[in-house]
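The chain contents come next:
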Number of protein chains: 2
Amino acid sequence: MSNPASGPSAYRGRYNKPVPTTNLTIEDDEDFPEFEPFEDDVATEGAAPRAHPAAGASLSVQNVDMCQQINKPKHFTTDYDTESLVVRRGLEFLVRVTFSRPLSEQDDFQLEFLIGSNPSASKGSLIVVTFGSRHGGPWSGRIVETQGETLTLGITPRAEAIVGKFRTYVAIVAGSGLQRTSRDTSTDMYLLFNAWCPEDTVYVANEGERREYVLNDSGVIFQGTVESVSQRTWMYGQFERGILDACIYILDMSRMPITDRGHAVKLIRKGSAMINSQDDNGVLVGNWSDDFSMGTSPTLWTGSTKILQKYANTGVPICYGQCWVFAGVFNTFLRCLGLPARVITNFSSAHDNTGNLKIELIFKPDGTPDRRHTRDSIWNYHCWNEVFMVRPDLPSNFTGWQVVDATPQETSDGHFRCGPAPVAAIKDGLLCHPFDCGFVFAEVNSDLVCLKRDRFGTLSPFRVDKNHIGQAIYTKAVGNNGHMDITHTYKYAQGTPQDDRTMARAEEYGCARDHYELVEDQLSIVITADQCFMGQDLNLVVQFQNKGEVARSVQAHLAGSVVFYTGVLASHFKDEDFTATVPALQMASVKMKISAQEYMPHMAAQVCLYFVVTGQAEDQSLNSIKVVEMVMPRLTMTVQGQPQVKQQMMVNVSFTNPFNFQLHNINLFMEGPGLMENRSHQYSVLEPQASFSWVEMFTPRLHGLRRLVAGMDCSKLTQVWGVVDIQVST
Amino acid sequence: MSNPASGPSAYRGRYNKPVPTTNLTIEDDEDFPEFEPFEDDVATEGAAPRAHPAAGASLSVQNVDMCQQINKPKHFTTDYDTESLVVRRGLEFLVRVTFSRPLSEQDDFQLEFLIGSNPSASKGSLIVVTFGSRHGGPWSGRIVETQGETLTLGITPRAEAIVGKFRTYVAIVAGSGLQRTSRDTSTDMYLLFNAWCPEDTVYVANEGERREYVLNDSGVIFQGTVESVSQRTWMYGQFERGILDACIYILDMSRMPITDRGHAVKLIRKGSAMINSQDDNGVLVGNWSDDFSMGTSPTLWTGSTKILQKYANTGVPICYGQCWVFAGVFNTFLRCLGLPARVITNFSSAHDNTGNLKIELIFKPDGTPDRRHTRDSIWNYHCWNEVFMVRPDLPSNFTGWQVVDATPQETSDGHFRCGPAPVAAIKDGLLCHPFDCGFVFAEVNSDLVCLKRDRFGTLSPFRVDKNHIGQAIYTKAVGNNGHMDITHTYKYAQGTPQDDRTMARAEEYGCARDHYELVEDQLSIVITADQCFMGQDLNLVVQFQNKGEVARSVQAHLAGSVVFYTGVLASHFKDEDFTATVPALQMASVKMKISAQEYMPHMAAQVCLYFVVTGQAEDQSLNSIKVVEMVMPRLTMTVQGQPQVKQQMMVNVSFTNPFNFQLHNINLFMEGPGLMENRSHQYSVLEPQASFSWVEMFTPRLHGLRRLVAGMDCSKLTQVWGVVDIQVST
């Protein structure tokens, strides 16, 4: 509540009870009296409640065992580093209750599961489970086995149950009331979404996909450009200590009603708002500048755990994130709560435009870029998330992957969150369904429109490129670190009848699109570039093609800049005029070398160069854009020791400075879920061609194929990485 | 931006220019240089810009006249109390420009309209209007008349234009550049939505409706219960001094991008968030308690103007509102910006439930209400707004009235705003379209479910009432102060095939509904009550009906409470057991008198009594609910003098205390848009049967049928009203 004048007391005439919105901390320390007399008896016999029942009620509970060793493997929750039981809804789990004596026919008892303050049976936050003929609540119970005074009970939470941390009680019917176990945190139980349960909205049929999208705690995020894709390893770490509580803490901070927390649509929409700090003091503060002195540079994070742990410990937003950090942390949140989720990269992503389908670049009358009047930009890439689920709020054809985006941006809805938008709705242009489909549609489908601004300030289009935006959409492959191209799940092939139908629908649903009638250019330009290591010279080839029947002479201009990954100018370093003569029906190439001396002084923390070649041939204007992401040097990582759970090992991270200048203030960091917590190290200076070697010891907690990632950052160089994979045995 | 760490500078790498979000204050004091050299000339001739052009450029602008007397009547904006021109988009307005000499063939000029900081032609915030063959921007221009050196120009803004306050410039093409008029606030122009323009998304075909929904600056809001509807006069006052600026100020406070402000869907959704203070420091703080000592009681407001003026002057949320205040202020905001809007009252409104279609009332095993375990409540009434418009984001069948609700409530979407939800989507159960249709659907269609809670805490339904919620939906009639029943626009008749189809669809789209198989009760109860003046005894009749073939004896209980209008208990004052014997196939009535002495000490600021009769007849439980809103005494208002614009008149507000107790701390207040600004008066005490007479002078500003409303509030009595209508001539 932002306004102090409006506390909960201002709502006294509004709610019978305050709407419960916290799970981890509850207001009343006691859920129930340990002995609760039956109210109907009280009513019959007068106001005074009976004293504790005597004689006949000699039955009591000696022990409650949450059967972690049996439940966890069956529920795929063994990896969670927590003392409490973690189970998935819609699947039976066992609880073993030991009574003071074997039960007789007359004995009656029930289990009670409570979540949040003021739990209520009618709101699904107080569940009574019975094990006989007596009618109980919505979760079914059965006696699996009776051994003397010990009963093994099977409890199946509904597949729609609230997700979060429940408190467990056993109540015995004792004469005129219920005699309960006292509050015992060791019987607390986390209930998660269940991708293995066909009745759950987040059911995934394929076991390989479930293991990837729910259980994989590391992954890769694709970056760079579609011609030169780079991989960033990201450690999701959803099973690490404190992460599950941190995810519930985020929901508590959002004041999301407890009763809504079984609803995947509501929960992921809330999550997309809370992962960024805008509006709601959420997890991560966005920063797209080049000044990160007040926090950690977005490029320095190697995973989500440090961010989530720090947020949960302080309640203060963490500085700083950019799109892959938001997507990485959101992915941890989703997988941790049991939602099947993945990180997506859209190459050449249209952003922050006004909800139309145009990215407009403005050019001066002489054909050179008019930066002062250009408002739109194209991100080299943008990352978001997808969650796989049924959409109970929509027609059934929208079951499947849903786009959610936690990067703070002015969506059409004006709030800093986005989605869930069904990928199927985007593909078919069915933008009339919630949430934010039009915004995502524009990100992958906008036209690039080049406009010339005349001397009076009016604009005229001269080139439209329908292929530039949303060039490719990638995600990590299932079971390996390669990429999977999922562009076809978002779009039909350009020019097909299905694509035309999609575009027509999108316009019908308010996505403005201009239909310029431009004469087809006879001349065109394409720029190509070799892969280029940071610090080396870059070779560009500008290729002119002439489809006309007469030779043409082109007055051309090359502009070279360093840009942020958002396409926004960081520093301009090159302007060069040149001419080219292109014979009729032929091509002509001009080779241009960009020397390291030209661009290196301008790079700072950036890794992308941006080139625009514009040309004038009589009355025709032409242009072409090329983004080059530099290839960064890598850290070398090697491990020694027996890769086995609980056996100490050693890792060595080494690096040689390939540049002819000193590197200063070198920050190193390393992590590996299930292997080691976050480590860091500093070097103050590294001479040209000099090396360092950083050694750390660690002891694996989890088995299987695991990965360590290390990163390096210094004043003149960022985004230097290394990884090493380790097959850990049990 | 809630987080100080994330200022605009953190976005330097993200936007080419900051996204402009303020209209009333702009960052750069100068839009343009007064002389702007042509860039192409500069480029050709080198870096040095030319000096001011000499000789040939002797043409200059002597005067710009915004032709208010001609434009305002044509645009229906005469009533706005502002110095600037106010026009509606999509309709031509005139500007008269006087040059230094008559124009020749060679002369060229253009008009430029700018809104917000960093205006941009590609974003629609900088519009160039040309008047000859030269290609201009999206608004068309024509020369209407030439008289010597004076040109009368006709300018037609696009029907999709941005709404807000524009700055006007005239630029003359002078040799090598543009010579502009300097900034002149007297040529500022407000552009509004246009319900008279068929191309505008908010077009209304009927003139009577346009006058009611856009131009009527007062109205009535229905309250009470459907059996006893009361009218509250509300002064919208959208034309009063400062209100138009206040509405734009609200959008500025919301940081809504300027370029989105022509988009009715986005604008009204933003408005619904901003009228309440939650999340965003919007206009009004909600308070449903009985303590309003930190501000003004919601019942004290007579209209919107004081609230909006104070908010715009201070930027601090105003204390306090309840639903009709939120709806009244929102209606002013909407009509002021030109949107056709009305206030709606839904009687017996389901609220704050978890998105299912059930309002659950819990009863104890003995049949009496179990308040401790009941979470849901039914509002006696709830007010929201409707806006008439095309939904460009949806299929065309959703054109028409759209529900928007500014009362802060936890919607399914988790934010404090609601809508626009097409009324047509609610009627047909098409809840799969934005925004918040499911929430509104539940408000008008929920089932009332009575559940018995057994001694073990499990719940079983025993009565379902499908008619209790959304009993009727009213709005003010067009052209008079009567009510119009629009229930049929929200729902098909219960039990029709269309209604069944709607309910089936709603379930398909995630609205959970239980299908209890309950045996039809042979016994039922209905409570009826006479109209009752506050302070007099109330007569209730409890009627039992027996459809069975044997006589039945009922053990009954009457519980009487004072409730807030939200149905929440304020004070419980009566419990009475009684028995009734109902012959086979007959009815039996029990008359019960509730004396003034019983309820008066418990009323405080409330006006509603709530009765529940529960009955037990062998194994059958039955119950019935009755809400009685007390009839309040009224203020008497009379006027003297000639009702004519600019002629002083006198109004007399008088009241006689009808009670046998003193009234203390009497606050009186009065207003009438176009007649007088807010007035107030106090009396410290009024003896039983004593009277006062408050006289105020006023001078009408606007003609037509106008209304004065006065209200009174004191420690023991609220919601005392008086109105007087005045036909003012010109």
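Structural data are supplied above this passage.
Presented here is an overview of the structure given in this document. Quantities reported herein were computed from a predicted structural model and do not represent experimental measurements.

Before going further, it helps to spend a moment on the overall build of chain A. A count of helices and strands for chain A gives twelve helices and 38 strands. Seen along its three principal axes, the alpha-carbon backbone of chain A occupies a region of about 110 × 60 × 50 Å. Sequence-distant contacts, at least 24 apart, represent 69% of the contacts inside chain A between residues at least 6 apart. For chain A, the computed accessible surface area is about 26800 Å², with 49% contributed by carbon and sulfur atoms. Separation between the mean location of the 62 positive side-chain charges and that of the 81 negative ones in chain A comes to 1 Å.

When chain A is fitted onto chain B, the two copies agree to an RMSD of 0.0 Å after a turn of 180° and an axial shift of 0.0 Å. Accordingly, the operation relating the two chain copies is best matched by a two-fold axis. When C-alpha positions in chain A are compared against the rotation axis, the closest is assigned to H433 of chain A, at 2.4 Å. When the interface residues of chain A are mapped onto chain B, 100% of them again lie at the interface, so the same face is used by both copies.

Applying the stated criterion across every chain, the model contains 56 aromatic pairs over all chains. Judged by centre distance (4.9 Å) and plane angle (25°), the rings of Y381 of chain A and Y565 of chain A are stacked. Taken together, the residues span a long stretch of sequence, with Y381 of chain A in strand 18 (residues 378-389) and Y565 of chain A in the loop between strand 27 (552-563) and strand 28 (569-582) at a distance of 184 residues. For Y381 of chain A, a relative accessible area of 3% translates into the label buried. With a relative accessible area of 8%, Y565 of chain A lands in the buried category. Ring centres of Y80 of chain B and F239 of chain B lie 4.8 Å apart, and the angle between their planes is 85°; on these two criteria the pair is classed as edge-to-face. One end of the pair, Y80 of chain B, is in the loop between helix 2 (68-75) and strand 3 (85-88); the other, F239 of chain B, is in the loop between strand 13 (228-235) and helix 4 (243-253), and 159 residues separate them in sequence. Three or more aromatic residues joined by ring pairs make a cluster, and in this case those are W288, W324, F326, W379, Y381 and Y565 of chain A. The side chain of R455 of chain A reaches across the aromatic face of F38 of chain B, ending 4.0 Å from its centre.

On to the sheet that holds strand 27 (residues 552-563) of chain B. Residues and elements named next belong to chain B. Spatially, four strands are ordered 28-27-30-31 in an open sheet, and the strand pairing comes out antiparallel. Two strands bound the open sheet, and with one partner strand each, they are strand 28 (569-582) and strand 31 (620-629). Recorded for the sheet is a direction-independent mean angle of 15° between the axes of neighbouring strands. Looking at chain direction, strand 27 and strand 30 (residues 608-617) are connected through nine bridges and run antiparallel. Considered in strand 30, the bridge of V563 is made with C608. Packed on one face of the sheet, helix 12 (residues 596-603) meets strand 27, strand 28 and strand 30 and runs near 155° to strand 28.

What follows concerns the pairing of strand 27 of chain A. Moving residue by residue along a regular strand, the side chains alternate between the two faces of the sheet. All names here are of chain A. For strand 27, the buried fraction is high: ten of the twelve residues fall into the buried class. Sheet topology places strand 27 next to strand 28; twelve bridges connect them, and they run antiparallel. Along strand 28, the bridge assignment pairs R552 with V582.

Turning our attention to empty space enclosed by the protein. Tallied over the full model, the rule gives eight cavities of 30 Å³ or more. As a volume, the second largest cavity reaches approximately 140 Å³. Lining the second largest cavity we find 18 residues, and of these E36 of chain A together with R453, D454, R455 and G457 of chain B sit closest to its centre. Broken down by secondary-structure element, the contributors of at least two residues to the lining of the second largest cavity are strand 1 (35-37), strand 6 (126-130) and strand 10 (177-180) of chain A. Classifying every residue of the lining of the second largest cavity gives eight nonpolar, one polar and nine charged.

Attention shifts here to the side chain of T77 of chain B. All names here are of chain B. With respect to the helices, strands and loops of the structure, T77 is situated in the loop between helix 2 and strand 3. The class of T77 is buried, set by a relative accessible area of 0%. Ignoring anything within four residues of it in the chain, the contact list for T77 reads K72, V86, V87, R88 and L192.

With that settled, consider the packing of helix 5 (residues 264-274) of chain A against helix 7 (residues 323-336) of chain A. Residue and element names in this part refer to chain A. Where helix 5 meets helix 7, the axes come as close as 10 Å, and the angle between the chain directions of the two elements is 150°. Accordingly, the angle class assigned to the pair helix 5 and helix 7 is roughly antiparallel. The chirality of how helix 5 crosses helix 7 is right-handed. When helix 5 is examined against helix 7, the residues L267, I268, G271 and S272 are found in contact with a partner set consisting of F330, F333 and L334. Residue composition of the contact of helix 5 with helix 7, grouped by class: five nonpolar, two polar and no charged.

Glancing now at the sheet that holds strand 35 (residues 676-686) of chain A. Residues and elements named next belong to chain A. Sheet architecture is open: four strands sit in the order 35-34-37-38, paired in antiparallel fashion. Of all the strands in the sheet, the pair left with one neighbour each is strand 35 and strand 38 (717-728). In this sheet, adjacent strand axes meet at a mean angle of 15° when their direction is disregarded. Taken together, the ten bridges between strand 37 (residues 704-714) and strand 38 define a ladder with antiparallel strand orientation. Paired with V709 across the strands is V723, a residue of strand 38.

All right, on to the interface of chain A and chain B then. Across the boundary between the two partners, chain A contributes 105 residues, which contact 106 residues of chain B. Here chain A and chain B share two salt bridges between them. Where K123 of chain B meets D376 of chain A, a salt bridge forms, and the shortest distance between an N and an O atom there is 2.5 Å. Linking chain A with chain B are eleven residue pairs in polar contact (both at pLDDT 80 or more). Elements that contribute at least two residues to the side of chain A that touches chain B include exactly helix 1 (39-45), helix 5, strand 14 (284-286), strand 15 (318-321), strand 17 (358-363), strand 22 (459-465) and strand 28 of chain A.

Basis of the calculations
Residues numbered from 1 in each chain as written. Chains lettered and ligands numbered in written order. Predicted model: local features only at pLDDT ≥ 70, side-chain atom pairs only at ≥ 80, totals over all residues. Heavy atoms only, no water. Helix = DSSP H or I, 4+ residues; strand = E, 2+ residues; numbered from the N terminus. Contact = heavy atoms within 4.5 Å. Areas by Shrake-Rupley, 256 points an atom, 1.4 Å probe, with all protein chains shown as cover. Lys, Arg positive; Asp, Glu negative; His and termini not counted. Charge placed at Lys NZ, Arg CZ, Asp CG, Glu CD. Least-squares fit on C-alpha atoms with pLDDT ≥ 70 in both. Phe/Tyr/Trp six-rings, centres within 6.5 Å; stacked < 30°, edge-to-face > 60°. Buried < 20%, exposed > 50% of the residue type's maximum accessible area, 1.4 Å probe, protein only. Lys NZ or Arg CZ within 6 Å of the ring centre and 35° of its normal. Pairing = 2+ DSSP bridges. Axes fitted to C-alpha atoms, helices over the stretch in contact; angles between N-to-C directions. 1 Å grid on protein atoms, 1.4 Å probe; cavity = no way out; pocket = protein on both sides within 12 Å on 5 of 7 lines; lining within 4 Å. Points joined across faces, edges and corners; volume = space filled by probe spheres on them. Nonpolar A, V, L, I, M, F, W, Y, C, P; charged D, E, K, R; others polar. Parallel < 35°, antiparallel > 145°, perpendicular 65-115°, else oblique. Left-handed = near helix turned anticlockwise from the far one by under 90°. Salt bridge = Lys/Arg side-chain N within 4 Å of Asp/Glu carboxyl O. Polar contact = N/O pair within 3.5 Å; in protein donor to acceptor, adjacent residues only side chain to side chain.

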